[in-house]
Amino acid sequence: MADRSDRQNDNRGFESMTDFDAVHERRGTGSSKWSKYPDDVLPMWVADMDFPAAPEIVDAIRNRLEHPMLGYGVARDELRTRIVADMQEKYGWTVSPDEIVFLPGVVPGFNMALHAMLKPGDGVLVQPPVYRPILEAPADWNLVRREAPLLPTAEGHVMDTDVLAAELAKSKALLFCNPQNPTGKVFTAEELKTIADLCRQNDTLIISDEIHCDLLFDGRRHVPIAALSEDAANRTITLMAASKTYNIAGLKTAFAIIGNKAIREKFNQARLGMVDNANIIGLEATLAAFSKAGDWKTRMLTYIEANRDYLSAEIARRFPKIKLIPSEGTFLAWLDCTEVGLEPDAQSYFLEHGKVGFNAGSDFGAAYGNFVRVNFGCPRALLEEGLARMERALGRNT
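Since the structure is predicted, the reported quantities are computational estimates derived from the model, not experimental observations.

Peer 1: Where do I start with the nonpolar core in this structure?
Peer 2: What tends to happen in soluble globular proteins is that the nonpolar side chains get buried as a cluster. In terms of nonpolar packing, the biggest core is built from 74 residues, with I57, I304, L335 and F350 touching the most fellow members. Sequence-distant contacts of I304, defined by excluding residues within four places in its chain, comprise M49, F51, L215, F217, T330, F331, F376 and G377. Of all hydrophobic cores here, the second largest spans 30 residues; its members include V101, L103, L114 and I207.

Below, the structure written as structure tokens:
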């Protein structure tokens with residue numbers, strides 16, 4: 001039985017893990033985010049939040065480690081049942097346990113899908129600016145990348161439906177991202193219906209990366225594109241994970257939901273020799289996330305939405321030449337620095353002159369060298385420091 005001091009230490013640990021203002025030292029922990037740059041650079045790049053995982057997740061991992069066997073694992077029925085319930089409760093989407101395929105990540109998932117379902121020379125449509133692994137995946141399988149860029153407007157990022165239709169007519173698959181990375185766009189039900197209808201007309205496969213689906217702001221509700229209709233469900237491979245929402249990406253666990261049995265069998269066949277099963281600890285963490293960490297998620301979303309609002313206001317106040325359409329979801333902001341004229345590009349300029357490391361806009365498409373992607377999933381103090389470093393780099397008259 002724990003003594004009083006042990007209980008006090010446990011309580012302090014819990015409070016630290018649920019205090020989103022607390023700054024935790026991550027250097028020296030093998031963190032990809034904090035290892036990329038020298039110690040004098042503040043990293044605000046990769047989609048990895050600077051918050052501890054929910055205590056419920058850490059407890060679940062600790063409890064699993066009480067059993068010393070860590071051999072090959074499979075998802076327990078309890079996890080499949082929880083995901084089925086989660087899809088119904090959150091999105092009104094009815095799926096069955098056998099439609100779920102566990103994976104070590106969403107990126108392996110959409111690469112498996114391209115490998116399984118397309119042949120060299122087929123067209124794959126993407127919507128830049130878009131997450132670099134999505135942008136590069138078609139070429140990895142000798143496929144032809146086609147593009148229907150998202151367009152910035154006062155109302156947010158929008159699709160050019162005519163371009164979308166023309167490019168889908170030449171594509172065997174749509175490699176889709178919703179919520180969208182890096183713009184933070186959340187596609188509306190009407191936009192999704194337009195996409196689904198065009199894919200039906202062109203008999204186009206939909207590979208939908210929905211990894212940020214729980215990270216929505218302003219009362220928005222995620223709509224899985226596969227949930228729109230029987231036809232959409234029959235042509236869609238949906239990819240999800242607890243990794244972004246609950247900040248457990250290093251546990252390498254994700255899942256696909258594939259309603260079409262024939263597609264699911266081809267998808268599974270494509271993993272042979274290349275894509276392993278999910279991490280046994282990651283499976284336990286995912287179960288804990290979906291079944292026990294809801295309160296943590298609610299508090300985290302409130303915090304990062306406030307960060308989104310603070311960042312948007314401060315960019316407008318301090319840097320009027322930098323354009324920012326506030327994110328509708330994710331914890332990522334897409335800054336257009338074109339009017340500032342930074343050389344050789346925006347990311348390099350801020351790194352050299354401000355010692356702050358953002359994602360380079362060119363990672364999301366060749367046309368976006370004047371952009372940077374900023375991760376605001378961090379304690380407010382780090383976000384304030386990042387803005388201060390930008391200000392020192394640019395001067396007050398930007």
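Peer 1: Which parts of the structure should I look at to understand the sheet that holds strand β4 (residues 144-147)?
Peer 2: Sheets are built from strands paired through backbone hydrogen bonds, the pairs being either parallel or antiparallel. Judged by pairing direction, the sheet is mixed, and its seven strands sit side by side in the order β2-β10-β9-β8-β7-β3-β4 without closing on themselves. If you trace the sheet from one side to the other, it starts and ends with β2 (100-103) and β4, each paired once. The sheet shows a mean angle of 20° between the axes of neighbouring strands, direction not considered. The pairing of strand β7 (residues 173-177) with strand β8 (residues 205-209) spans five bridges and is parallel. Across the sheet, residue C177 finds its bridge partner in β8, namely D209. Strands in contact with helix α6 (residues 132-140) are β3 (123-126), β4, β7 and β8; relative to β7, the strand with the most contacts, it is inclined by about 160°.

Peer 1: Is there a simple way to think about the sheet that holds strand β14 (residues 359-360) in this case?
Peer 2: The strand order across the open sheet built from four strands is β11-β12-β15-β14, with neighbouring strands paired in antiparallel fashion. The strands lining the two open edges of the sheet, one partner per strand, are β11 (323-324) and β14. Taken together, the two bridges between β14 and strand β15 (residues 371-375) define a ladder with antiparallel strand orientation. Looking across to β15, one finds that N359 is bridged to R373.

Peer 1: So what exactly am I meant to see when it comes to the packing of helix α7 (residues 161-168) against helix α8 (residues 189-202) here?
Peer 2: Describing two packed helices takes the angle between their axes plus the distance from one axis to the other. Following both chains from N to C, one finds α7 and α8 inclined at 30°, their axes separated by 10 Å at the closest point. Regarding the angle of α7 to α8, the classification is roughly parallel. Where α7 crosses over α8, the handedness of that crossing is right-handed. In this structure, α7 uses T161, L164, A165 and L168 to contact α8, whose residues at the interface are T194, I195, L198, C199 and N202.

Thresholds applied
Residues numbered from 1 in each chain as written. Predicted model: local features only at pLDDT ≥ 70, side-chain atom pairs only at ≥ 80, totals over all residues. Heavy atoms only, no water. Core = buried A, V, L, I, M, F, W, Y, C linked by side-chain atoms within 4.5 Å. Buried < 20%, exposed > 50% of the residue type's maximum accessible area, 1.4 Å probe, protein only. Contact = heavy atoms within 4.5 Å. Pairing = 2+ DSSP bridges. Helix = DSSP H or I, 4+ residues; strand = E, 2+ residues; numbered from the N terminus. Axes fitted to C-alpha atoms, helices over the stretch in contact; angles between N-to-C directions. Parallel < 35°, antiparallel > 145°, perpendicular 65-115°, else oblique. Left-handed = near helix turned anticlockwise from the far one by under 90°.

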